[in-house]
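A look at the structure
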Amino acid sequence: MRKQIISIALVAAALTVLSSCGFDAKKPGRVYMPDMTYSNALEAYAPSTILNEDGDSVSTRKPVAGTIPRGWIPTDEKIRTNEAFLMSYMAKNYFTHTAEKWQEEYDKAGASLKDPLEYTAENKAAGAKLYNTHCINCHGASGNGQGNLVVLEDGKDGPFTAVPPDYKKRLPEIKDGNIFYSVSYGKGMMGGYGYSLNVTERWQVIHYIKGLAGVEGAATGAAAKEGDKKDDKAAAPKADAKKDTKKS
Ligand code: HEC
């Protein structure tokens, strides 16, 4: 009797094991846990039951509207046929740059980049809006570098430890390309805006701050020639960050 039970159990166990085998080697036989065998995730390019916006059942979806590849230059005629615009798009950034490399690229941008935008009321108004969103908290409404992250309402030191320069003093000393480079890739304690403002928006905000500084037309850095060249040296990120750190 005992032997019989054991052999029945063995046969039952063998059948259970064998039942999961199928003739087709590529398919599982009896599936014990279907949600593990069959993934719920859609396979790329495999048909799915959900149709996309074109009525197509291919599972690969289009990127969200407005998605652009990195380094993409808009197909707009005005931009593609304007050398100054193209140069702005191609200004290189080196995230791992040393102070010397930064200075080299900053000088290069100053020498080669030209402002591609027309001076219109619309561009300036757009720049004002961007300035009030992105820059005013450090640079202040008048561009004197006393934004409310730098100086609190009661006149005490704000949480941001570097003091931005007064645009009225700094902007006449540097060229359009230098301003563009600093706004795009940052300088010292200031972060870059290349990731959040497109090229046109960066030039628009530059039009606005040049207005605050009283710089008319192209910034040529003329004031730097009379002044000492030392200020140029101090432009290297590290040296400046130290210089600008407030003593509290
Ligand atoms: C978090 C604070 C902060 C914000 C926000 C900020 N800046 Fe600055 N900015 C600074 C500081 C600090 C400096 C001085 C950097 C240095 O010389 O080391 C500076 C310097 C500058 C300069 C002078 C660059 C040069 O080459 O000497 C320009 C131009 C400028 N900022 C424009 C902008 C614009 C435009 C925005 C907004 C899109 C902006 N900043 C947002 C802190 C800020």
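Residues numbered from 1 in each chain as written. Predicted model: local features only at pLDDT ≥ 70, side-chain atom pairs only at ≥ 80, totals over all residues.

**A word on the nonpolar core**
With 27 residues, the main nonpolar core has Leu 171, Ile 179, Phe 180, Val 205, Ile 206 and Ile 209 as its most contacted residues. Elements supplying a minimum of two residues to this core: helix H5 (99-112), helix H6 (121-134), helix H9 (176-185) and helix H10 (199-213). Ranked by residue count, the leading element in this core is H10, at eight residues. What Val 205 contacts, discounting residues up to four positions off in sequence, is Gly 127, Leu 130, Tyr 131, Cys 135, Val 183 and Leu 197. (Core = buried A, V, L, I, M, F, W, Y, C linked by C-beta atoms within 7 Å. Buried ≥ 20, exposed ≤ 12 C-beta atoms within 10 Å, placed from the backbone. Helix = DSSP H or I, 4+ residues; strand = E, 2+ residues; numbered from the N terminus. Contact = placed C-beta atoms within 7 Å.)

**Some remarks on H10**
For H10, with 15 residues, the first-to-last C-alpha span of 21 Å sits near the 21 Å given by 1.5 Å per residue. Burial analysis of H10 places twelve of its 15 residues in the buried class, which makes it a mostly covered element. Three or more residues of H10 are buried, namely Val 199, Arg 202, Trp 203, Gln 204, Val 205, Ile 206, His 207, Tyr 208, Ile 209, Lys 210, Leu 212 and Ala 213. In the core, the buried residues of H10 are packed alongside helix H4 (83-90), H6, helix H8 (167-170) and H9. Immediately downstream of H10, the backbone of Gly 214 shows phi near 75°, a positive value. (Expected span 1.5 Å × (residues − 1).)

**A word on the confidence of the model for the protein chain**
Averaged over all residues, the pLDDT of the protein chain is 82; the fraction at 70 or higher stands at 87%. Under a pLDDT of 50 for its full length, residues 227-248 has, in the predicted model, 33 contacts with residues more than four places off or in other chains. (pLDDT = per-residue confidence, 0-100.)

**Comments concerning the environment of Ser 182**
With respect to the helices and strands, the residue Ser 182 is situated in helix H9. Accessibility expressed as a C-beta count within 10 Å gives 20 for Ser 182, which makes it buried. Along the chain, Ser 182 and Tyr 106 lie 76 residues apart, while their C-alpha atoms are 7.7 Å from each other.

**A few points about H5**
Between its terminal C-alpha atoms H5 stretches 20 Å, which fits the 20 Å expected from 14 residues at 1.5 Å a residue. Along H5, the residues that are buried comprise Trp 102, Tyr 106, Ala 109 and Gly 110. The buried residues of H5 occupy an angular sector of 100° when the element is viewed end-on, so they sit on one face. Residues Glu 100, Lys 101 and Ala 111 are exposed on H5 and point more than 90 degrees away from its buried face. (Arc of directions from axis to C-beta.)

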